[in-house]
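Notes for the structure review
These are the residues of each chain, in order.
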Amino acid sequence: MEILERPTRKQQIEERATMLFKTKGYAASSMRDLAQILGIEAASLYSHIKSKEEILQKICFKMANAFFLAIEQVNETTPEQQLEAAIKVHFKMISENIDASAVFFNEWRHMSEPYLSEFLAMRTRYEQFFMEIIHQGIKQGQFRVIDEKFAMMTILSSINWTHQWYRPTGKMSMDEIGDHLSELLINGLIKTRNK
């Protein structure tokens, strides 16, 4: 029989804070709110964390690193296959981490320096991965000539909003949604399709 490890107090704080930031927003959430949810005194939170922002940083950077780890597994051969796989893994990361994704996409602006600049640099590197696939697709004649940044922003913006509506109990499975998303988004880029 598998024994499940109980989350540490720090993990509990991060989990509850993630839900709180998602529902109430980072700015409107207080340490008192978090302590109340956890059923502890606000002062005792500081024995586990330095500040509310420290929790936000952990959530955002943890998600950023997870996105990078997932995208690094994409090694298909053609640009079309690469883009399809990249779209699917990006959606998979969001769908498996709905609360953290909501915080990641909506609350990152509240980070202070130098964390904000570091986060933005990571985001730019990640976006570059998609732009490079699109660039190669155009270069190889698979994708029609289009502004690469515009194409990348359109694709990522479309997927990034899925945390608002995706529910694991919906009519379509996560894999089916990934298939539909990638097909819809790639169709706009394809120069010619084999019948």
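Counting starts from 1 at the beginning of each chain's written sequence and moves along it residue by residue. In view of the model being predicted, local features appear only for residues whose pLDDT reaches at least 70, and side-chain atom pairs are presented and counted only at 80 or more, with totals across whole chains, interfaces and linings using the full set of residues. Calculation of side-chain values draws on the structure's entire complement of heavy atoms; hydrogens and water are dropped beforehand.

All right, on to the pattern of salt bridges then. Just to be clear on terms, a salt bridge is a Lys or Arg side-chain nitrogen sitting within 4 Å of an Asp or Glu carboxyl oxygen. Here the structure, examined in full by the defined rule, presents seven salt bridges. In this structure, D99 engages K22 in a salt bridge whose closest nitrogen and oxygen atoms are separated by 3.2 Å. Linking D99 in helix α6 (residues 98–106) with K22 in helix α1 (residues 9–24), this pair joins segments that are 77 residues apart in sequence. Under the relative-accessibility criterion, D99 is labelled partly exposed at 26%. Only protein chains enter the accessibility calculation, which uses a 1.4 Å probe; a residue whose area is less than 20% of its type maximum is buried, one above 50% is exposed, and one in between is partly exposed. Classification of K22 as partly exposed rests on a relative accessible area of 33%. Between K92 and E96 there is a salt bridge, and its shortest N-O distance comes to 3.1 Å. Remark: E96 and K92 occur in helix α5 (residues 79–96); sequence separation between them is four residues, near one turn of the helix. Residue classification places K92 among the partly exposed positions, given a relative accessible area of 36%. A cluster of three or more residues bridged by salt bridges with shared partners is formed by E84, K88 and D179. Here a strand is any run of E in DSSP of at least two residues, a helix any run of H or I of at least four, and the numbering for each starts at the N terminus.

Turning to the nonpolar core, a few remarks are in order. Take the buried residues of types Ala, Val, Leu, Ile, Met, Phe, Trp, Tyr and Cys, join any two whose side-chain atoms come within 4.5 Å, and each joined set is a nonpolar core. Judged by nonpolar contacts, the single largest core of 62 residues is most densely connected at L83, I87, F130 and I155. Counting only elements with at least two residues in this core, the list comes to α1, α2 (31–38), α4 (52–71), α5, α6, α7 (115–139), α8 (148–160) and α10 (174–187). Here this core gets twelve residues from one element, more than from any other, and that element is α4. Pairs of residues are marked as contacts when any of their non-hydrogen atoms sit within 4.5 Å. Every residue in contact with F130, bar those within four places of it in the chain, is listed here: I71, L83, A86, I87, H90, M152, I155 and L156.

We now examine α10. In this model, α10 (14 residues) spans 20 Å end to end at C-alpha, consistent with the 20 Å of a helix rising 1.5 Å per residue. Turning to α10, its buried residues are M174, I177, G178, L181, S182, L185 and I186. Projected down its long axis, α10 shows its buried positions confined to an angular sector of 145 degrees, all on one face. Packing partners of the buried residues in α10 comprise α5, α8 and α9 (162–165). How far a helix is expected to stretch is found by multiplying one less than its residue total by 1.5 Å. Within this analysis, the arc is defined by the directions that extend from the helix axis to the C-beta atoms.

Turning to the packing of α5 against α6, a few remarks are in order. Direction vectors running N to C along α5 and α6 enclose 110 degrees, while the axes themselves pass 5 Å from each other. Of the possible angle classes, the one that applies to α5 and α6 is roughly perpendicular. Here α5 contributes H90, M93, I94, S95 and E96 to the contact with α6, which in turn contributes I98, S101 and F105. All residues other than Ala, Val, Leu, Ile, Met, Phe, Trp, Tyr, Cys, Pro, Asp, Glu, Lys and Arg, Gly among them, are scored as polar; the first ten of these are nonpolar and the last four charged. Residue classes in the contact of α5 with α6 are distributed as four nonpolar, three polar and one charged. What counts as an axis is a line fitted to C-alpha atoms, over the stretch in contact for a helix, and the angles between N-to-C directions run from 0 to 180 degrees. Angles are sorted into four bins: roughly parallel if under 35 degrees, roughly antiparallel if over 145, roughly perpendicular if 65 to 115, and oblique for all others.

Let's shift gears to the packing of aromatic side chains. In this description, an aromatic ring pair is defined by two values, namely the gap between the centres and the angle between the planes. Centre distance within 6.5 Å is the pairing criterion for rings of Phe, Tyr and Trp, where only the six-membered ring of Trp is used; planes under 30 degrees apart are then read as stacked, over 60 as edge-to-face, and the remainder as tilted. Summed over all chains, the structure comprises twelve aromatic pairs. Plain terms: the ring middles of F67 and F105 are 6.2 Å apart, the flat faces sit at 50 degrees to each other, and that makes the pair tilted. Highlighted residues: F67 in helix α4 and F105 in helix α6, separated in sequence by 38 residues. Look at F104 and F119: their rings are 5.3 Å apart centre to centre, the planes differ by 70 degrees, and that puts the pair in the edge-to-face class. In this pair, F104 sits in helix α6 while F119 sits in helix α7, placing the two residues 15 residues apart along the sequence. Overall, F104 belongs to the buried group, its relative accessible area being 9%. Within the aromatic cluster, the residues linked to one another by ring pairs are F61, F67, F68, F104, F105, W108, F119, Y126, F129 and F130. Should the NZ of a Lys or the CZ of an Arg lie within 6 Å of a ring centre and within 35 degrees of the ring normal, that charge is described as sitting over the ring. A cation sits over an aromatic face here: K52 above Y26, 4.2 Å from the ring centre.

Counted at 1.5 Å a residue, the expected span for α5 with its 18 residues is 26 Å, and the 25 Å between its end C-alpha atoms agrees. Within α5 the residues assigned to the buried category are P79, L83, A85, A86, I87, H90, F91, M93, I94 and S95. Buried-residue contacts for α5 involve α4, α6, α7, α8, α9 and α10.

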